[in-house]
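# Summary of the model geometry
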Amino acid sequence: MEEVIARAVLLRGVCFALAVGAVTALVGCGSTSPSVVDPHSPEASHIAGLFWLMLWISVGIYALVLGFVVVSFRARHAKSDGHGTEVGEWATPSSSTASERRRSSRFIIAGGLAMPIVVLAVVGIATVRTTNAVRRGPSVVKINVEAERWWWRLTYPDNGVVSANEIHVPVGEPVELTLTSDNVIHSVWVPELNGKTDVIPGQTNHMTFTADAAGEYRGQCAEFCGIGHALMAFVVIADPPADYARWLDTNEAHAVTPSTGAAERGATFLESSSCAGCHNVAGTAAVGTFGPDLTHFGSRTTIAAVTLPNTPSNLHRWLADTQGVKRGALMPQIDLTDAQIGNLVAYLESLK
Ligand code: CUA
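Quantities reported herein were computed from a predicted structural model and do not represent experimental measurements. (Residues numbered from 1 in each chain as written. Predicted model: local features only at pLDDT ≥ 70, side-chain atom pairs only at ≥ 80, totals over all residues. Heavy atoms only, no water.)

## Re the sheet that holds strand β8 (residues 205–209)
The cut-off we apply is this: Pairing between two strands is assigned when DSSP locates at least 2 bridges connecting them. We count a stretch as a helix when DSSP gives it H or I for four or more residues in a row; a strand needs E for two or more, and each element gets its number in order from the N terminus. Between N-to-C directions, angles span 0 to 180 degrees; the directions come from axes that are lines fitted to C-alpha atoms, helices contributing only their stretch in contact. Residues are treated as being in contact if the distance between any of their heavy atoms lies within 4.5 Å.
Across the sheet, 5 strands lie side by side as β3-β2-β1-β5-β8; this open sheet has mixed pairing. The open sheet has two edge strands, β3 (161–164) and β8, and neither has a second partner. Taking the axes of each pair of neighbouring strands and ignoring which way they run, one obtains an average angle of 25 degrees across the sheet. Taken together, the 4 bridges between strand β1 (residues 141–147) and strand β2 (residues 152–156) define a ladder with antiparallel strand orientation. The residue of β2 that forms the bridge with A147 is W152. Here helix α4 (residues 241–252) sits on the sheet and contacts β1, β2 and β3; the angle it forms with β3, its principal contact strand, is near 100 degrees.

Structure below.
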């Protein structure tokens, strides 16, 4: 019996050490995006605060329970060693056990009833305050985010900018994302900026946040939405206001005219092939809307919803082996020669 208790205490001690280790690792990972413990908006700070509150309450309760287990183990051990009641036996009723029972009852009421009420009340109040803090608020910058399979279509309705997967926002300005889907349920999650918000067909949801520092905050679709779910990422790029204004100016404009022979051949091919049926390049004959807008593709830092860094060699790989890079992608595998791919890469990378 004692061995069983000793093993249980040891096991709990190991679990406690592992929990402390996990928390340490979590904090250690805090500087790498995405991270829930490295908030960069008032909304995310509230969520992180709630997380820490619940974590430390749990650690406190765990330590307390572990302490009681140790104390009770020692008391039983002392009793079985000395002249007290043997372990496993009931004591004979007497006035001393009656007072012990009263003490036990008080202990159970305090530990089993009063303490949970206090803990749940504290956590409940903190949760309601956090829910209110992350709710939709007034905003200055409005961005429509449409969840596609498996990428993100972005529209800035006040500026006529259309983009994909990389959400530029100005630092210090309240931003509102209007979230819609015409296919299946997705979920937007940028841990540094706010909690998850589902994107549901037939319903319009909203998310507001104010980024407090320039930087790139990785986001991820947080609701299983099909084969491409794991590769349905995005990034929020918080720019200083002047950089953001420059980005808007650049992205409002039509595509640049190709300036090299290869880029010219790439443009001609794109506009006359099936690419133009799905992709738009503003100011050209490519006016498709099924796939991502490519007007300023070259200025984006990633390909295929943050699957690959946007480099000429990665773009070559994407065009040559689309399904190998992102299985299930709705962009079909098109048979292209190396020369055609080279020309397309030259053109697309020039679209800054
Ligand atoms: Cu979209 Cu998961």
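## Some points on the environment of D212
Rule in force here: Only protein chains enter the accessibility calculation, which uses a 1.4 Å probe; a residue whose area is less than 20% of its type maximum is buried, one above 50% is exposed, and one in between is partly exposed.
Checked against the element boundaries, D212 lands in the loop between β8 and β9 (215–221). Relative accessible area serves as the criterion here: at 47%, D212 is assigned to the partly exposed category. A C-alpha to C-alpha distance of 9.9 Å links D212 and P174, two positions 38 residues apart in sequence.

## A look at the nonpolar core
Selection criterion: To qualify as a nonpolar core, a set must consist of buried Ala, Val, Leu, Ile, Met, Phe, Trp, Tyr and Cys residues joined through side-chain atoms within 4.5 Å.
Grouped together as the largest cluster of nonpolar side chains are 32 residues, with contacts concentrated most on I143, W152, Y156, I167, L177 and V236. Looking at this core, the elements that each hand over two or more residues are β1, β2, β4 (166–170), β5 (175–181), β8, β9, β10 (233–239) and α4. At 4 residues, β1 tops the list of elements feeding residues into this core. If you look at the next biggest cluster of nonpolar residues, it comprises 25 residues, including C275, V281, A286 and A329.

## What to know about the pattern of salt bridges
Put simply, the rule is: The rule for a salt bridge is simple: a side-chain nitrogen of Lys or Arg has to be within 4 Å of a carboxyl oxygen of Asp or Glu.
In this structure the tally under the stated criterion is 4 salt bridges. The salt bridge involving E176 is made with K142; its shortest N-O contact spans 3.7 Å. Of the two residues, E176 sits in strand β5 while K142 sits in strand β1, which places them 34 residues apart along the sequence. On the accessibility criterion, E176 (5% relative accessible area) is buried. The partly exposed category is assigned to K142, whose relative accessible area is 37%.

## Quick notes on the pairing of β2
Burial within β2 is extensive, with 4 of its 5 residues counted as buried. In textbook terms, the turn of a hairpin is the stretch between consecutive antiparallel strands, and for β1 and β2 this stretch comprises 4 residues. Relative to β3, β2 runs antiparallel, the two being bridged by 4 bridges. Bridge pairing in β3 links R153 to A164.

## Observations regarding empty space enclosed by the protein
Selection rule: Of the grid points, spaced at 1 Å and generated over the protein atoms alone, those admitting a 1.4 Å probe that cannot get out make up cavities, while open sets with protein on both sides within 12 Å along at least five of seven lines make up pockets; any residue with an atom within 4 Å of a point is treated as lining. Grid points are joined across faces, edges and corners, and a volume is the space filled by probe spheres set on the points. Under this grouping Gly is polar, as are all residues other than the nonpolar Ala, Val, Leu, Ile, Met, Phe, Trp, Tyr, Cys and Pro and the charged Asp, Glu, Lys and Arg.
Evaluated as defined, the whole model comprises 1 cavity of 30 Å³ or more. Of the voids in this model, the largest cavity is the one considered here, and its volume is about 40 Å³. As for the largest cavity, its lining consists of S163, E166, H168, W247, N251, H296, S299 and R300. At the level of secondary structure, the elements contributing two or more residues to the lining of the largest cavity comprise β4 and α4. Across the lining of the largest cavity, the residue classes tally to 1 nonpolar, 5 polar and 2 charged.

## As for the packing of helix α7 (residues 312–320) against helix α9 (residues 338–350)
Put simply, the rule reads: Here is the rule for angles: anything less than 35 degrees is roughly parallel, anything more than 145 is roughly antiparallel, 65 through 115 is roughly perpendicular, and the remaining ranges are oblique. In this scheme the crossing of two helices becomes right-handed for a clockwise turn of the near helix relative to the far one and left-handed for an anticlockwise turn of less than a right angle.
At a minimum axis separation of 9 Å, α7 and α9 run at an interaxial angle of 130 degrees. Comparing the axis directions of α7 and α9 gives the class oblique. Pair α7 / α9 crosses with right-handed handedness. Between α7, through P312, L315, H316, L319 and A320, and α9, the contact on the second element is made entirely by D338, I341, L344, V345, L348 and E349.

## Let's talk about the layout of surface pockets
In this approach, a probe sized like a water molecule rolls over the atoms, and the result shows the empty space that is left. Space inside the second largest pocket adds up to approximately 750 Å³. Lining the second largest pocket we find 38 residues, and of these H279, G291, P292, W318 and M331 sit closest to its centre. Residue assignment for the lining of the second largest pocket shows that the elements contributing at least two residues are α6 (275–278), β11 (302–303), α7 and α9. With 3 residues, α7 is the single largest residue contributor to the lining of the second largest pocket. Of the residues contributing to the lining of the second largest pocket, the split by class is 24 nonpolar, 8 polar and 6 charged.

## With respect to unusual backbone geometry
The omega angle of the peptide bond from S33 to P34 is 0 degrees, so this bond is cis rather than trans. Structurally, the position occupied by P34 is in the loop between α1 (2–28) and α2 (42–81). In the segment running from R149 into W150, the intervening peptide bond is cis, with an omega of -5 degrees. Along the polypeptide, W150 turns up in the loop between β1 and β2. Even without being glycine, A305 reaches a positive phi, approximately 55 degrees. Residue class for A305 comes out buried when judged on its relative accessible area of 1%. The phi angle at V306 is positive, at roughly 65 degrees, despite the residue not being glycine. Relative to the helices and strands, V306 is located in the loop between β11 and β12 (308–309).

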